[in-house]
Amino acid sequence: MSCYEIEALRLGLMNVLGTEDRSAREHAEKELDGHLDGPVEALANAATLSEIQRHLDAALVDLEEEIAATDADDPEYDYLRGRLVAVRDAERAVRRLTDQGESVLGGLGEAHDVLHETFPVDE
């Protein structure tokens, strides 16, 4: 069993961050072998944080549907529920990353404004 959503998220974040760790990428790709379709594939190929959020949401819906269709006596049921908790936690982490990035962007805009207020430029 593998947590396909987490491995796909790792690949998507490697894309967004420009991570060049070949062994980490190969490990994630190996874990996903034969499971790259739908939202998981889109998540693995995401190039922006907004794409990651959108595809992670879709992967969560699919996972929730899989859990709903699985009998509680099925040996895989508890693992699926654990996977859901891990993916929801990852979703919150991506949201925090996005919020922090937007905060940095806003802070840079404020710094730019203060710099121009302090040292006006005649245009």
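Our structure's up above, just so we're on the same page.
Residues numbered from 1 in each chain as written. Predicted model: local features only at pLDDT ≥ 70, side-chain atom pairs only at ≥ 80, totals over all residues. Heavy atoms only, no water.

### Quick look at the pattern of salt bridges
Part 1 of the reasoning: One pass over the full model with this rule turns up seven salt bridges.
Part 2 of the reasoning: As a salt-bridge pair, Arg 10 and Glu 7 come within 3.1 Å of each other at their nearest N and O atoms. One end of the pair, Arg 10, and the other, Glu 7, are both in helix α1 (residues 4–17), three residues apart, so they sit about a helical turn from each other.
Part 3 of the reasoning: The exposure class of Glu 7 is buried, given its relative accessible area of 11%. (Salt bridge = Lys/Arg side-chain N within 4 Å of Asp/Glu carboxyl O. Helix = DSSP H or I, 4+ residues; strand = E, 2+ residues; numbered from the N terminus. Buried < 20%, exposed > 50% of the residue type's maximum accessible area, 1.4 Å probe, protein only.)

### Looking at the side chain of Thr 98
Part 1 of the reasoning: Note on placement: Thr 98 falls in helix α5 (residues 77–118).
Part 2 of the reasoning: For Thr 98, the contacting residues outside a window of four places in its chain are Leu 49 and Gln 53. (Contact = heavy atoms within 4.5 Å.)

### Describing α1
Part 1 of the reasoning: Taking 1.5 Å of rise per residue, the 14 residues of α1 would be expected to cover 20 Å, and the 20 Å separating its terminal C-alpha atoms lies within 8% of that figure.
Part 2 of the reasoning: Those residues of α1 that sit buried are Tyr 4, Glu 5, Glu 7, Ala 8, Leu 9, Leu 11, Gly 12 and Met 14.
Part 3 of the reasoning: Those residues of α1 that are buried lie in contact with α2 (22–32), α3 (38–44), α4 (49–68) and α5.
Part 4 of the reasoning: One or two steps after α1, the chain reaches Gly 18, where phi turns positive at roughly 75°. (Expected span 1.5 Å × (residues − 1).)

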